[in-house]
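Residue-level listing of the chains:
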Amino acid sequence: MFPLVFTALGLAIHAADWPEFMGPTRDQVSTETGLIDTLPAQGPPLVFEKKVGKGYSAPSVRGDTMVIHHRVEMQEIVEACDARTGLTYWKYAYKSDYRDPFGYNNGPRCTPLLTADRCYTFGAEGVLACLDITTGKEIWRRDTQGDFAVPEAFFGVGSTPVLEDGLLFVQVGGQPNSCVVALDANTGKTVWENVGEKTWNGQPMNGWPGERTVHWSINDPAYSMMASYCSPVLATIHGKRHLLVCTRQGLVSLEPKTGKVNFSYWFRAQQDQSVNAMTPVVQDDLILISSAYYHLGSTVLRVDPSGTAVTPLWKGLQLEMHWTRPVLLNGFLYAFSGRNEPDAFFRCVEMSSGRVAWERREGWPNGSHAKIPEGVAPPDVYGRGSAILADGKLIVLGEAGLLGLVKPSPDKLEELARWQVPQMHYPCWTAPVLANKRLYLRDEDRVVCYDLAKKP
């Protein structure tokens with residue numbers, strides 16, 4: 001495979017890069033081939049192990065450069081490293097006072113977005129930075145909490161931005177009508193802002209009792225916070241480009257260039273202590289949205305040919321997705337469902353019908369976000385795992401560090417191999433990253449890299 005562009009930091013563009021959240025096509029799918037078909041008893045060859053600070057942000061890889069966003073003491077750090085060795089190229093740091101109110105770690109949640117010359121990051125307190133990818137020098141920076149009047153969120157900022165046609169789309173959650181903004185990717189200046197009171201006021205509150213409609217009030221917890229933990233999705237449906245954003249109140253479709261609302265659909269649990277965290281899945285004219293909170297479950301919506309309305313196709317508890325996202329293949333969703341560790345199931349669900357093709361319980365008792373004591377073996381289950389698809393296999397990472405290879409088929413669950421990664425410890429809530437036949441895994445304090453290339 002030959003590079004198209006070369007820079008001093010090894011930023012060659014490869015088809016096998018993983019330069020942003022959920023990969024090169026933003027759907028957890030890699031086109032790489034020539035990967036191992038099983039896991040040796042001692043595990044695949046270790047390329048490097050790197051101690052990092054706190055956070056849930058996944059590493060991003062472009063060419064031979066890996067960028068990781070993490071927190072050390074009172075600083076958030078964007079760090080560019082050699083993707084082959086883990087050795088540091090440069091660091092960019094700024095002060096962070098964020099403290100998670102529920103006791104989770106205080107590091108960044110969003111994944112770096114890498115282009116040929118830029119690195120974009122979004123911190124736990126809403127610091128949006130654009131850096132020169134070769135030097136780490138700041139090009140522009142926005143403090144979105146102040147710029148857009150953003151109320152404090154439950155778990156900090158956790159919606160990774162996306163980029164298209166020179167516009168950076170960011171779910172910031174600003175009041176009263178700036179939940180979603182488009183920024184000029186070169187300058188950071190606001191191009192448009194929309195979604196909020198004007199979007200939702202008077203809309204039906206689907207699934208809420210009494211055929212209620214939205215009566216917007218900034219003092220009501222249902223409306224005071226608007227940003228969710230779902231990243232925006234860009235999709236072409238019936239020939240029209242949509243920017244799909246699942247906010248705290250529900251799904252909104254916007255025209256990417258103008259920010260004009262195409263349609264909205266209320267989707268949230270009735271209880272205040274709830275969030276939407278799964279990034280939507282699109283198949284043709286169908287959109288899956290899902291939540292693990294209070295049996296809200298999943299809804300699949302069909303987009304009208306006009307692109308300005310949606311109709312529910314099915315609703316149910318087949319998938320109750322927390323932060324992880326299903327992998328879609330040939331019309332079937334492969335996903336880990338469940339709100340807490342004891343609730344977890346690994347399921348295959350037909351997207352068009354909601355039919356459960358197969359399932360296996362993956363929960364462990366008495367999990368409940370508790371750390372596994374030192375010297376105690378982790379459970380031999382995936383819990384609420386995460387998965388990516390490559391070379392005809394699902395690469396699965398359990399939340400206590402169990403790595404697995406699964407053959408995706410709606411006929412049956414066929415697990416090819418599993419191996420407990422010794423360096424990984426609960427919670428492993430960051431999905432695997434695959435770039436240039438190297439697998440990158442992250443827990444709360446380290447990144448490990450393994451060679452998955454099939455040997456001759």
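Everything below is about the structure shown above.
Below is a short write-up of the structure. (Residues numbered from 1 in each chain as written. Predicted model: local features only at pLDDT ≥ 70, side-chain atom pairs only at ≥ 80, totals over all residues. Heavy atoms only, no water.)

## Focus: the overall build of the protein chain
We apply this condition: The numbering of helices and of strands both runs from the N terminus, where a helix is a DSSP run of H or I of at least 4 residues and a strand a run of E of at least 2. What the globule rule says is 2.2 Å times the number of residues to the power 0.38, and the radius of gyration is computed from C-alpha atoms. Categorising residues by exposure relies on relative accessible area from a 1.4 Å probe, with only protein chains included: less than 20% of the type maximum marks a residue as buried, more than 50% marks it as exposed, and the intermediate range marks it as partly exposed. Contacts: residue pairs with any heavy atoms within 4.5 Å of one another. Surface accessibility follows the Shrake-Rupley procedure with a 1.4 Å probe radius. Residue values consider only the protein chains on display as shielding. The charge count treats Lys and Arg as positive and Asp and Glu as negative. His and the chain ends do not count. Lys charges are placed at NZ, Arg charges at CZ, Asp charges at CG and Glu charges at CD.
Looking only at helices and strands, the protein chain features three helices and 33 strands. On C-alpha atoms alone, the protein chain measures out to a radius of gyration of 21 Å, which is about the 23 Å that the 2.2 N^0.38 rule sets for 456 residues. Seen along its three principal axes, the alpha-carbon backbone of the protein chain occupies a region of about 60 × 50 × 45 Å. Counting every position in the protein chain, which comprises 456 residues, the buried fraction comes to 61%. Taking contacts inside the protein chain between residues at least 6 apart in sequence as the whole, the part at least 24 apart equals 55%. Counting every atom, the protein chain has about 17,500 Å² of accessible surface; 52% of that belongs to carbon and sulfur. In the protein chain, 44 positive and 49 negative side-chain charges are present, and the distance between their average locations comes to 1 Å.

## As for the pairing of strand E15 (residues 233–237)
Rules: For two strands to count as paired, DSSP must find a minimum of two bridges between them.
Burial analysis of E15 places four of its five residues in the buried class, the great majority of the element. Where E15 and strand E16 (residues 240–246) come together, five bridges link them in antiparallel fashion. Residue pairing in the sheet places Thr 236 in a bridge with Arg 241 of E16. Remark: two residues form the turn of the hairpin made by E15 and E16, two consecutive strands paired antiparallel; His 238 in that turn has positive phi of roughly 50°.

## Remarks on the environment of Val 406
Looking at the secondary structure, you find Val 406 in strand E29 (residues 402–407). In this structure, the C-alpha to C-alpha distance between Val 406 and Gly 392, residues 14 residues apart in sequence, is 9.0 Å. Excluding residues that lie within four positions of it along the chain, Val 406 makes contacts with Phe 346, Lys 393, Leu 394, Val 396, Leu 413, Glu 414, Glu 415 and Leu 416.

## Some thoughts on the nonpolar core
Condition: By nonpolar core is meant a set of buried Ala, Val, Leu, Ile, Met, Phe, Trp, Tyr and Cys residues that side-chain atoms within 4.5 Å join together.
One finds Met 66, Ile 395, Leu 403, Val 421, Leu 434, Tyr 440 and Leu 441 to be the most contacted residues of the largest nonpolar core, which totals 34 residues. Of all the elements in the fold, those that place two or more residues in this core are strand E4 (65–72), strand E27 (386–390), strand E28 (393–397), E29, strand E30 (414–420), strand E31 (433–435), strand E32 (438–442) and strand E33 (446–451). Of all the elements, E33 adds the most residues to this core, at four residues. Apart from residues no more than four positions distant in its own chain, Met 66 is found in contact with Phe 48, Lys 50, Pro 59, Ser 60, Val 61, Glu 79, Ala 80, Cys 81, Ala 83, Tyr 440 and Val 447. In terms of nonpolar packing, the next biggest core, distinct from the first, is built from 22 residues, Leu 167, Ala 182, Trp 216 and Met 226 among them.

## Notes on the pattern of salt bridges
The condition is simple: Basic side-chain nitrogens of Lys or Arg form a salt bridge, by our definition, when they fall within 4 Å of a carboxyl oxygen of Asp or Glu.
Overall, the coordinates contain 28 salt bridges when judged by the stated rule. Taking the shortest distance from any N to any O, the salt bridge between Arg 446 and Glu 49 comes out at 2.6 Å. Taken together, the residues Arg 446 in strand E33 and Glu 49 in strand E2 (residues 46–51) connect sequence positions 397 residues apart. For Arg 446, a relative accessible area of 18% gives the class buried. Among the ionic pairs, Asp 82 bridges to Arg 84, the shortest N-O distance being 3.0 Å. Connected through shared salt-bridge partners, Arg 360, Glu 362, Asp 380, Glu 415 and Arg 418 make up one network.

## Notes on the pairing of strand E17 (residues 250–254)
Most of E17 sits out of view: five of its five residues are buried. Here four bridges tie E16 to E17, and the two strands are oriented antiparallel to one another. Residue pairing for E17: Leu 244 is matched across the bridge by Ser 253. Hairpin geometry of E16 and E17 is characterised by an intervening segment of three residues between the two adjacent antiparallel strands. In terms of strand pairing, E17 meets strand E18 (residues 261–266) through five bridges, oriented antiparallel. Counterpart to Gly 250 in the pairing with E18 is Trp 266.

## Observations concerning the layout of surface pockets
As a reminder of what qualifies: The rule is simple: put a 1 Å grid over the protein atoms alone, call a set of points where a 1.4 Å probe fits but cannot get out a cavity, call an open set with protein on both sides within 12 Å along at least five of seven lines a pocket, and count a residue as lining if it has an atom within 4 Å of a point. Grid points are joined across faces, edges and corners, and a volume is the space filled by probe spheres set on the points. In this count, Pro and Cys sit with the nonpolar residues alongside Ala, Val, Leu, Ile, Met, Phe, Trp and Tyr, while Asp, Glu, Lys and Arg are called charged and the others, Gly among them, polar.
In this model, the largest pocket occupies a volume close to 900 Å³. If you go around the largest pocket, you meet 38 residues; those closest to its centre are Tyr 56, Tyr 229, Ala 277, Trp 323 and Trp 429. Considering only residue class, the lining of the largest pocket consists of 20 nonpolar, 14 polar and four charged. Counted as a void, the second largest pocket has a volume near 280 Å³. In terms of lining residues, the second largest pocket is bounded by 22 residues, among which Thr 25, Arg 26, Asp 27, Val 233 and Arg 325 are the most central.

## Some thoughts on the side chain of Arg 62
The test is simple: Here a polar contact is recorded for every N or O atom pair within 3.5 Å, except that within protein the pair must consist of a potential hydrogen donor and a potential acceptor, and residues adjacent in sequence are included only if both atoms are side-chain atoms.
Along the polypeptide, Arg 62 turns up in strand E3 (residues 60–62). One buried charged residue, Arg 62, forms no salt bridge at all, with the nearest opposite charge on Asp 17 at 5.1 Å. A distance of 3.4 Å separates the side chain of Arg 62 from the backbone oxygen of Thr 115, its partner in a polar contact.

## Some details on unusual backbone geometry
Going from Gln 175 to Pro 176, the amide bond is cis rather than trans, its omega being -5°. Checked against the element boundaries, Pro 176 lands in the loop between strand E12 (167–174) and strand E13 (178–184). The omega angle of the peptide bond from Tyr 426 to Pro 427 is 0°, so this bond is cis rather than trans. Locating Pro 427 in the fold gives a position in the loop between E30 and E31. Backbone geometry at Asp 165 places phi at a positive 50°, although glycine is not the residue there. Positive phi values are uncommon outside glycine, yet Asn 330 reaches one of about 55°.

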